[in-house]
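Residue-level listing of the chains:
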Amino acid sequence: MKDKRLTMHDAIAEYVRDGQSVAIEGFTAFICFAAGHEIIRQNKRDLTLIRMTPDLIYDQMIAAGVASRLVFSYLGNPGVGSLHCVRRAIEKEIPAPLAIEEYSHFGMVGRYTAGAMNLPFFPLRSYTGSDLPHYNPLIRTVDNPYGEDAIAVVPPLKPDVAIIHAQRADRSGNTQLWGLLGIQKEAAFAASTVIVVVEELVDEDVIRADPNRTLIPGLIVNAVVHEPYGAHPSYVQGYYDRDNSFYLKWDEISRDQAQTEAWLEEWIYGIEDRARYMEKMGEDVVERIAPGKAPAGAIDYGSYT
Amino acid sequence: MKDKRLTMHDAIAEYVRDGQSVAIEGFTAFICFAAGHEIIRQNKRDLTLIRMTPDLIYDQMIAAGVASRLVFSYLGNPGVGSLHCVRRAIEKEIPAPLAIEEYSHFGMVGRYTAGAMNLPFFPLRSYTGSDLPHYNPLIRTVDNPYGEDAIAVVPPLKPDVAIIHAQRADRSGNTQLWGLLGIQKEAAFAASTVIVVVEELVDEDVIRADPNRTLIPGLIVNAVVHEPYGAHPSYVQGYYDRDNSFYLKWDEISRDQAQTEAWLEEWIYGIEDRARYMEKMGEDVVERIAPGKAPAGAIDYGSYT
Amino acid sequence: MTEQAYTPSEMMIVSAARALAGVQTVFVGVGQPNIACNLARHTVAPDLELIYESGVYGAQPARLPLSIGDPTLVTGATSVIPMIDLFALYLQGGLVDVALLGGAQIDRYGNLNTTVIGDYQSPKVRLPGSGGACEIAINARSVYIIMRLSSRAFVEKLDFYTSPGHMEGGDARARANLPGAGPQLVITDMALFDFNNPDCEMQLVSLHPGVTLEAVTEAVGWEVRKAETLAETELPAAEELHLIRYVLDPDGMYR
Amino acid sequence: MTEQAYTPSEMMIVSAARALAGVQTVFVGVGQPNIACNLARHTVAPDLELIYESGVYGAQPARLPLSIGDPTLVTGATSVIPMIDLFALYLQGGLVDVALLGGAQIDRYGNLNTTVIGDYQSPKVRLPGSGGACEIAINARSVYIIMRLSSRAFVEKLDFYTSPGHMEGGDARARANLPGAGPQLVITDMALFDFNNPDCEMQLVSLHPGVTLEAVTEAVGWEVRKAETLAETELPAAEELHLIRYVLDPDGMYR
């Protein structure tokens, strides 16, 4: 079994290159802020950032100037309000112009799925009566050879790099996650390069004891980064809660570019890695975001010898 | 929570009608012989039987004359050889003519998926260079609006009734399964009526303790049948093994229609229900097919209050 | 009693909850819609199942969820599934009876804009965009819209068509072969509207207590159609208000 | 030694195993192919991962599986997935390096028939059909074929084209835009064949020890092409035979 463990620094340095398309997925959960911060820290440039919901992580990355293009389906600070940095880039080209390529959620889901399945397109019942196809010529239609009306299609999405945060993996990248599964599996299968970031590194036996939970096989994984709390201030089911105070605070900080840059300086450029970040957050944060216990209960696969 | 429990007799009597299309799915595992036998026992007629791998269950049902049409992708006694009754019906119209509609596995998977997703078709990279589309005009192609070649498509499959065997469900039909997931979820979502047959009936709390394992929600389920060993001689992961001796024995029995009918008389028409069937099988069978323990290990969803 | 008997937000929540009577599945977001659905579960629709875009079916949150991806929605849910299954099997599969939607702008046919104010290419205000709204509006069997009534929001012409309502009105949806029936109800802080006329045009059906017809017609950016008989919305009942204030939103986040 | 040094079946298993040297993923059925893959794991391809059509990746069976859906393949596997994922993500996604296929009939371009002998509509013998073979033949990066050599099986013209090999030969696959490279090797009980010529036509490359060229040409239903140099297949090594007989198939089911 190949050992694919790397530090976050080395994984980003080796696998994320200027000009590439990068998808950090995870729908409101499992958002790998640690990877986004490392991309900012390493001054990557001209990236195409792909995410259904850009969330704070892309707000920060776009404010830091790593991106020239954004592919997305919903621009919001979930449960709070706007993504001010993304809006500033779109509305005022601060810090730089940002091209956008916009879909609906199902459209993005379909694009990742077609990418993962190596299909030329994914058909979906959407976009009729919407202006979206007018502004995004990649949303098209095909005729139905069984006689019904034409149906909308979206093209496959195959990111250069997908970064997926999960509860656990073994050292060769066999990865298990539970909770909101979002589009992570499809994003991983669609990408040329996959970096998996986990809360826990486990023995291969732990994975093999519950094979139905292995959504991403090591076969498609290039690097495994063990980075506890790597999704903070987002959350990891069963490991920690969303740090909602930061989502609220960011709504204030991000309204102003100078203030935003000061934050980036203090929390990203100015520190070395995620361990320092958590140190700087203070000891109480871990306690504050710790959930109670809710065990899944046991099942048996049976031994067949 | 609606209580949808029924006996197998009542579920089949209420939901399976002459002339309907019925899918009993489960790929080599979870094959609901108990439901098939009850359909035979109730003398249903003119059914369209749908299954990727007809297996012994459809061999028996076709020998009993319940079907006029078979939709499938692989006709075999897995690991043993031919399905003699199906062949007899196709090659010699014994006991009656059987129309066939044939796909490859991926084609059937695509058909169920399109049915479940309410898509007009499912595209797949198959059938080029094959005679299958020549004999099955429902296999067609669509042009790719993104410039590549045309791609094969199959139409949605929406059975009138799907019968799915699983490890456990609650009384309203929220169903969990593990092991080979096959196409069961898609078959259930594609069907108008869903009968779930389970080894264990569990409390709603057991289901809610591991929501990622709930593949079929009660929302789409019409009846829940609690029928332990209902998949014998097929198997249920963690509950029992395949009774391979029967698969070998059937290879002999099924070679001759009279012999087959004698078996049907003895094991289906001549007995009342599954409990009697297991009684008649003898006490040692349960022991013989019992697996050892292989627990999945615990995970935690976290309590967020 | 100097305290107001109920807030406009509470009136909206109560109206939405009542409209969910007898409904089996509702596609819901956080905030007011979430509270409305849970109020309905406690009152008119005890078997109502909540479906969240994030992939959750049958949530039983132990706290008021902060977002549609709150981990409290996952723990103890009936089923938690990949987003492709949520959109393709549940929504496109026709299992969503009612979806609750909102928007920055709405027109007389219930078409919604959640994308942009001003020009798409050089926007005055860039809004969140569709999210799942476009396909929800197309595939849900029925759509209820929850929005505050104002002339900035209820406009003659949308700056951007994000999600279709009744499109150009009449049988436009049927002609376009859209699976769902489209908007059935618009719930605002001043009045209720439906689309029960051959044009499928938004029409005033009920004024909230104390709201004048004039105030409503002024707040709608076109000459608003009125139903033949105009009702007064029933006041929130004491039980409903009690549930909102002490059970469903004890911190008053959506008061 | 009166006992035969090795059986034809063992020769096929050993030949298939050797051909898997350096391969990462193999799409496999039960029987001979399964033993060949496990032999390869013990010898030339320690990192070889087995993918089963039933939805199993990285199986570590505790016993010889009786079918591709044997529960022993599930317990202890790396990942067990729905069939749509197996076919769409793994196979169509290009993750299968080599697939092992067989058939009732094969032609000179490696096209396979597993559907019917005689006419499709009124068959002489109804065979199992495609199963996953058609899409495996199209999408796997390479295909190895394992079949016993006989004139009934190696025919001039198939009764039914189930799964494409090199179609009409030459660059037919490339012109048809098939993702995989098609058949690379045919492993029989008498000889080995490859397709390394511009016509992509099956050609004899190696005779098993003791098999005459005449016996092979007689058993092939067309005038068989021969590689420029004809090798003799290397004998099964003692270690290989030991593994097959005492570790992988101790009951001799596939001897």
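Residues numbered from 1 in each chain as written. Chains lettered and ligands numbered in written order. Predicted model: local features only at pLDDT ≥ 70, side-chain atom pairs only at ≥ 80, totals over all residues. Heavy atoms only, no water.

**Notes on the overall build of chain A**
- In terms of helices and strands, chain A carries twelve helices and twelve strands.
- Whereas a compact globule of 305 residues would reach a radius of gyration of roughly 19 Å, chain A reaches 20 Å, a difference of no more than 12%.
- Dimensions of chain A, computed from the C-alpha atoms along their principal axes, are close to 65 × 55 × 35 Å.
- By the burial criterion, 67% of the 305 residues in chain A qualify as buried.
- Considering chain A, the positive charge centre built from 29 side chains and the negative charge centre built from 42 side chains are found 2 Å apart. (Helix = DSSP H or I, 4+ residues; strand = E, 2+ residues; numbered from the N terminus. Rg over C-alpha atoms; globule rule 2.2 N^0.38 Å. Buried < 20%, exposed > 50% of the residue type's maximum accessible area, 1.4 Å probe, protein only. Lys, Arg positive; Asp, Glu negative; His and termini not counted. Charge placed at Lys NZ, Arg CZ, Asp CG, Glu CD.)

**What to know about the overall build of chain C**
- A tally of helices and strands in chain C yields eight helices and 14 strands.
- The C-alpha radius of gyration of chain C comes to 18 Å, within 12% of the 18 Å expected for a compact globule of 255 residues.
- For chain C, the proportion of its 255 residues judged to be buried stands at 65%.
- Of all intrachain contacts in chain C linking residues separated by at least 6 positions in sequence, the fraction that spans at least 24 positions is 62%.
- When the accessible surface of chain C is totalled, it reaches about 9100 Å², and 51% of it is carbon and sulfur.
- In chain C, which carries 16 positive and 29 negative side-chain charges, the distance between the mean positions of the two groups comes to 4 Å. (Contact = heavy atoms within 4.5 Å. Areas by Shrake-Rupley, 256 points an atom, 1.4 Å probe, with all protein chains shown as cover.)

**Digging into the interface of chain D and chain B**
- Across the boundary between the two partners, chain D contributes 47 residues, which contact 45 residues of chain B.
- Carbon and sulfur atoms make up 62% of the surface buried where chain D meets chain B, a total of about 3700 Å² over both sides.
- Viewed at the interface, chain B and chain D are joined by two salt bridges.
- Residues R63(D) and D241(B) are paired through a salt bridge, measuring 2.7 Å at the closest nitrogen-oxygen approach.
- Here chain D and chain B share 23 residue pairs in polar contact (both at pLDDT 80 or more) between them.
- Within the residue set of the side of chain D that touches chain B, elements represented by two or more residues are α3 (71-74), α4 (83-91), β9 (123-126) and α5 (133-139) of chain D.
- A class-by-class count of the residues in the side of chain D that touches chain B yields 26 nonpolar, 14 polar and seven charged. (Buried area = accessible area lost by both parts, 1.4 Å probe. Salt bridge = Lys/Arg side-chain N within 4 Å of Asp/Glu carboxyl O. Polar contact = N/O pair within 3.5 Å; in protein donor to acceptor, adjacent residues only side chain to side chain. Nonpolar A, V, L, I, M, F, W, Y, C, P; charged D, E, K, R; others polar.)

**Digging into the packing of helix α2 (residues 33-41) of chain A against helix α3 (residues 55-63) of chain A**
All names here are of chain A.
- Their axes nearest at 10 Å, the elements α2 and α3 cross at an angle of 5°. In terms of orientation, α2 and α3 fall into the roughly parallel class. Contact residues: F33, G36, H37, I39 and I40 in α2; D55, L56, I57, Q60 and M61 in α3.
- In the contact of α2 with α3, the residues fall into six nonpolar, three polar and one charged. (Axes fitted to C-alpha atoms, helices over the stretch in contact; angles between N-to-C directions. Parallel < 35°, antiparallel > 145°, perpendicular 65-115°, else oblique.)

**Focus on the relation of the copies chain A and chain B**
- When chain A is fitted to chain B, the residual RMSD is 0.0 Å, and the transformation amounts to a turn of 180° plus an axial shift of 0.0 Å. Each copy turns onto its partner about a two-fold axis. Considering only C-alpha atoms, the residue of chain A closest to the rotation axis is A298(A), which sits at 3.0 Å.
- When the interface residues of chain A are mapped onto chain B, 100% of them are again interface residues, pointing to one common binding face. (Least-squares fit on C-alpha atoms with pLDDT ≥ 70 in both.)

**Remarks on the pairing of strand β3 (residues 67-72) of chain B**
Residue and element names in this part refer to chain B.
- Note that strand β2 (residues 47-50) and β3 share four bridges and pair parallel. The residue bridging L49 from the neighbouring strand is L70, located in β3.
- In the classification by handedness, the crossover that spans β2, the intervening helix α3 (residues 55-63) and the parallel β3 is right-handed.
- Across four bridges, β3 lies against strand β4 (residues 99-102) in parallel orientation. (Pairing = 2+ DSSP bridges. Right-handed = clockwise from strand over helix to strand, strands pointing away.)

**Some remarks on the side chain of N136(B)**
Residue and element names in this part refer to chain B.
- Tracing the sequence through the fold places N136 in the loop between α6 (132-135) and β6 (140-142).
- At 3.4 Å, the side chain of N136 forms a polar contact with the side chain of Y103.
- If near-sequence neighbours (up to four positions away) are discounted, N136 is found in contact with E101, E102 and Y103.

**Some words on the interface of chain A and chain B**
- Listed per partner, the contact involves 50 residues of chain A and 50 residues of chain B.
- Taking both partners together, chain A and chain B bury about 4300 Å²; carbon and sulfur atoms supply 56% of that area.
- Among the residues chain A hides against chain B, the three largest losses belong to Y146(A), I299(A) and Y304(A). Together they make up 18% of the total.
- For the interface between chain A and chain B, the tally reads two salt bridges.
- Of the charged contacts, one joins D210(A) and R213(B) as a salt bridge, the two residues approaching to 2.8 Å between their closest N and O atoms.
- Run the count over chain A and chain B and you get 32 residue pairs in polar contact (both at pLDDT 80 or more).
- Of all elements in the fold, only β5 (122-124), β6 (140-142) and β7 (151-154) of chain A reach the threshold of two or more residues within the side of chain A that touches chain B.
- A breakdown of the residues in the side of chain A that touches chain B according to their chemical character gives 30 nonpolar, ten polar and ten charged.

**Digging into the arrangement of the chains**
- Contacts are most numerous between chains A and B, taken over all five pairs of chains that touch.
- The two units chain C and chain D remain apart, with a minimum C-alpha distance of 12 Å.

**Re the pairing of strand β12 (residues 191-194) of chain D**
Residue and element names in this part refer to chain D.
- Burial along β12 is two-sided: A191 and F193 facing one way and L192 and D194 facing the other are all buried.
- Of the strand pairs in this sheet, strand β11 (residues 183-187) and β12 are connected by three bridges, and their pairing is antiparallel. Its bridge partner lying in β12, L185 is registered against D194.
- Where β11 folds back on β12, the antiparallel hairpin that results is connected by three residues.
- Bridge analysis of β12 against strand β13 (residues 203-207) gives four bridges, and the strand direction is antiparallel. Opposite F193, over in β13, you have L204 as the bridge partner.

**Focus: the nonpolar core**
- The biggest cluster of nonpolar side chains holds 399 residues, and the ones touching the most others in it are I163(A), I195(A), I163(B) and I195(B).
- If we ignore the near neighbours within four places in the chain, the residues touching I195(A) are A11(A), I12(A), Y15(A), V16(A), V161(A), A162(A), I163(A), I164(A), A223(A) and V225(A). (Core = buried A, V, L, I, M, F, W, Y, C linked by side-chain atoms within 4.5 Å.)

**A word on the confidence of the model for chain C**
- Chain-level statistics for chain C give a pLDDT mean of 95 and a share of 98% at 70 or above.
- Taken over the whole predicted complex, pTM reads 0.98, whereas the ipTM for its chain interfaces reads 0.97. (pLDDT = per-residue confidence, 0-100.)

**Description of helix α10 (residues 257-269) of chain B**
Residues and elements named next belong to chain B.
- Under the 1.5 Å per step criterion, the end-to-end length of α10 is only 16 Å for 13 residues, more than 12% shorter than the ideal 18 Å.
- The set of residues buried in α10 consists of Q257, T260, W263, L264, W267 and I268. Mapping the buried residues of α10 onto a view down its axis gives an arc of 115°, with all of them on the same face.
- Buried residues along α10 sit in contact with α2 (33-41), α3, α4 (84-92), α9 (244-253) and α11 (274-281).
- One side-chain oxygen of the residue at the start of α10 lies 3.2 Å from the amide nitrogen of A258, identifying that residue as D256. (Expected span 1.5 Å × (residues − 1). Arc of directions from axis to C-beta.)

**Topic: the sheet that holds strand β4 (residues 79-80) of chain D**
Residue and element names in this part refer to chain D.
- Judged by pairing direction, the sheet is mixed, and its ten strands sit side by side in the order β4-β3-β2-β1-β5-β10-β11-β12-β13-β14 without closing on themselves. Two strands lie at the open edges of the sheet, namely β4 and β14 (225-232), each paired on one side alone.
- With two bridges joining them, strand β2 (residues 49-52) and strand β3 (residues 56-57) adopt antiparallel strand pairing. Counterpart to I51 in the pairing with β3 is Y57.
- Its contacts with the sheet place helix α2 (residues 32-42) against β1 (25-27), β2, β5 (98-101) and β10 (142-146), and it is angled at close to 160° to β2.
- Along the sheet, α4 makes contact with β1, β2, β3 and β4, crossing β2 at roughly 130°.

**With respect to the environment of P198(C)**
Residue and element names in this part refer to chain C.
- Of note, P198 is situated in the loop between β12 (191-194) and β13 (203-207).
- Here P198 falls in the exposed class, since its relative accessible area comes to 70%.
- Sequence-distant contacts of P198, that is, excluding residues within four places in its chain, are made with G170 and R225.

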